[in-house]
Amino acid sequence: MGLDMDPMFLAWSYFRRRKFQFCADICTQLLDENAYDQAAWSLKTRALTEMVYVDEVDVEQEGIAEVMLDDSSIAQIARPGTSLKLPGVNQGGGPSLAVRPMSQSGRPITGFVRPGTQSGRPGTMEQAIKTPRTAYTAQPVTSASGRFVRLGTASMLTNPDGPFINISRLNLAKYAGKANLAKTLFEYIFHHENDVKTALDLAALATEQSQFKDWWWKVQIGKCYYRLGLYREAEKQFKSAIKQQEMVDTILYLAKVYIRLDQPLTALSLFKQGLDRFPGEVTLLTGIARIYDEMNNIVSATEYYKEVLKQDNTNVESIACIGSNHFYSDQPEIALRFYR
């Protein structure tokens, strides 16, 4: 006689092993037996969210609409070395830009494809119009054209009978008071359903319930504001969250806001303050190196990439960037050591 494992424990085991579809199927069976089983409901919500979860920390690719219709610029002509939109001259020595392949925006190619650098920012409206479109719509291409549209329809793909949770009928105030369900529900609405406005409403209500003392909800409100293009409001929320609880992810989110606002020096200052609190943190070192790379300060970028390798000697981005720098500095034998 075989021993059957408890279905809830089995579903949790599948979730731990990242077999999210099996986990969701078992939770569905449990909910068919008891529709009020909060544990099964919460676990299924987390499993469906993990299926489509995308880390929001990395700076995503800017679309035509974000670039050409940007009204957050402070000055039309930025000073040299203070803007990411105007490629500056090579600072601090390094290989000549004349012998190094350049991207569309006039920056040297690093050898590593990162979010936000896969195609250059269009410099003129004519260049923007000529940029090939990827969305099946007449709307100008934005960062939401591909990934976010796909995430918004994921619920219909995972459940052919319709969405697992009917968002429009939820009593958000009721769920905001339940700390054990509110966070799970928020991530489901934000990542799986891609309903940013409803997620923002839930986060605002939950923040009130916590008497504005929970830093996690402030970060989520900031993410919603960022997704909606309200960068200054997102900045306020991230700063408030950092005052309550210093976290590496929050620093990265705030730096992402400053980069979108074209304030690389402010982002650099923020990263360096973060390094004082979290010495040797690889993501912060990488963020500094990326900004220096974007500003054509190749020497400083290489120094920080070497610091990254001291902490994580398998970091592919650092190896590729240092190797390409040596190659275009007429040192192919040293570059070969990195690429090997």
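These numbers were taken from a predicted model, which means no experiment stands behind them.

Analysis parameters
- Residues numbered from 1 in each chain as written.
- Predicted model: local features only at pLDDT ≥ 70, side-chain atom pairs only at ≥ 80, totals over all residues.
- Heavy atoms only, no water.
- Axes fitted to C-alpha atoms, helices over the stretch in contact; angles between N-to-C directions.
- Helix = DSSP H or I, 4+ residues; strand = E, 2+ residues; numbered from the N terminus.
- Parallel < 35°, antiparallel > 145°, perpendicular 65-115°, else oblique.
- Left-handed = near helix turned anticlockwise from the far one by under 90°.
- Contact = heavy atoms within 4.5 Å.
- Nonpolar A, V, L, I, M, F, W, Y, C, P; charged D, E, K, R; others polar.
- Expected span 1.5 Å × (residues − 1).
- Buried < 20%, exposed > 50% of the residue type's maximum accessible area, 1.4 Å probe, protein only.
- Arc of directions from axis to C-beta.
- Phe/Tyr/Trp six-rings, centres within 6.5 Å; stacked < 30°, edge-to-face > 60°.
- Lys NZ or Arg CZ within 6 Å of the ring centre and 35° of its normal.
- Disulfide = S-S within 2.5 Å.
- Polar contact = N/O pair within 3.5 Å; in protein donor to acceptor, adjacent residues only side chain to side chain.
- pLDDT = per-residue confidence, 0-100.

Q: So what's going on with the packing of helix H17 (residues 316-328) against helix H18 (residues 332-339)? Which residues, and what values?
A: At a minimum axis distance of 7 Å, the contact between H17 and H18 shows a crossing angle of 165°. Taken together, H17 and H18 sit at an angle that is classed as roughly antiparallel. When the axes of H17 and H18 are compared, the crossing they make is left-handed. Here Ile 319, Ala 320, Ile 322, Gly 323, Ser 324, His 326 and Phe 327 of H17 lie close against H18, whose contacting residues are Pro 332, Ile 334, Ala 335, Phe 338 and Tyr 339. Among the residues making up the contact of H17 with H18, the classes are represented as nine nonpolar, three polar and no charged.

Q: So what about helix H12 (residues 231-244)? Which residues, and what values?
A: With 14 residues, H12 extends 20 Å from end C-alpha to end C-alpha; this agrees with the ideal 20 Å at 1.5 Å per step. Inspection of H12 places Tyr 231, Ala 234, Glu 235, Phe 238, Ala 241 and Ile 242 among the buried residues, and these make up the whole buried set. Buried residues of H12 fall within an arc of 130° about the axis and therefore sit on the same side. More than 90 degrees from the buried face of H12, the exposed residues found are Lys 236 and Lys 243.

Q: A description of the packing of aromatic side chains should follow, citing residues and the corresponding values.
A: The description of two aromatic rings rests on the distance between their centres and on the angle between their planes. The tally for this structure, following the rule as stated, stands at 12 aromatic pairs. Considering the side-chain rings of Phe 15 and Phe 20, the 5.5 Å spacing of their centres and the 65° angle between planes classify their relative orientation as edge-to-face. Since its relative accessible area comes to 10%, Phe 15 is described here as buried. Look at Phe 20 and you get buried, because its relative accessible area is 8%. Each ring, one from Phe 327 and one from Tyr 328, has its centre 5.1 Å from the other, and the planes form 85°; the classification is edge-to-face. By relative accessible area, Tyr 328 is classed as partly exposed at 24%. What links up through ring pairs into an aromatic cluster is the set Phe 186, Phe 190, Trp 216 and Trp 217. The positively charged end of Lys 174 is found above the aromatic ring belonging to Tyr 175, 5.8 Å away from the centroid. Across the ring face of Tyr 175, the terminal group of Lys 178 is positioned such that the distance to the ring centre comes to 6.0 Å.

Q: Describe the state of the cysteines, and please don't skip the residues or the numbers.
A: Tallied over the entire structure, the rule returns zero disulfides. A disulfide-free cysteine, Cys 27 has its sulfur positioned 4.3 Å from the sulfur of Cys 23, the nearest such atom. Exposure remark for Cys 27: the relative accessible area of 0% places this residue in the buried category.

Q: So, helix H11 (residues 215-227): which residues are in play, and what are the values?
A: The end-to-end C-alpha distance of H11 is 19 Å, a good match for the 18 Å that 13 residues give at a rise of 1.5 Å each. Counting buried positions along H11 yields 11 of 13 residues, so the element is predominantly enclosed. Of the positions making up H11, those classed as buried are Trp 216, Trp 217, Lys 218, Val 219, Gln 220, Ile 221, Gly 222, Lys 223, Cys 224, Tyr 226 and Arg 227. If you check the start of H11, you find a side-chain oxygen 3.0 Å away from the backbone N of Trp 216, and it comes from Asp 214. Phi turns positive one or two residues past the end of H11, at Gly 229, with a value near 85°.

Q: Please set out the confidence of the model for the protein chain residue by residue, giving values where relevant.
A: Per-chain confidence: the protein chain averages 80 in pLDDT, with 69% of residues scoring 70 or above. Low pLDDT, under 50, characterises residues 131-139; the predicted model gives this stretch seven contacts beyond four residues in sequence or across chains. Note that pLDDT drops below 50 for residues 149-158; the model gives that stretch 21 contacts with residues more than four away or on any other chain.

Q: Requested: an account of unusual backbone geometry, with residues and values cited.
A: Unlike most non-glycine residues, Asp 262 shows phi in positive territory, near 60°. Here Asp 262 lies in the loop between helix H13 (248-260) and helix H14 (264-277). Even without being a glycine, Asp 330 presents a positive backbone phi close to 70°. With respect to the helices, strands and loops of the structure, Asp 330 is situated in the loop between H17 and H18.

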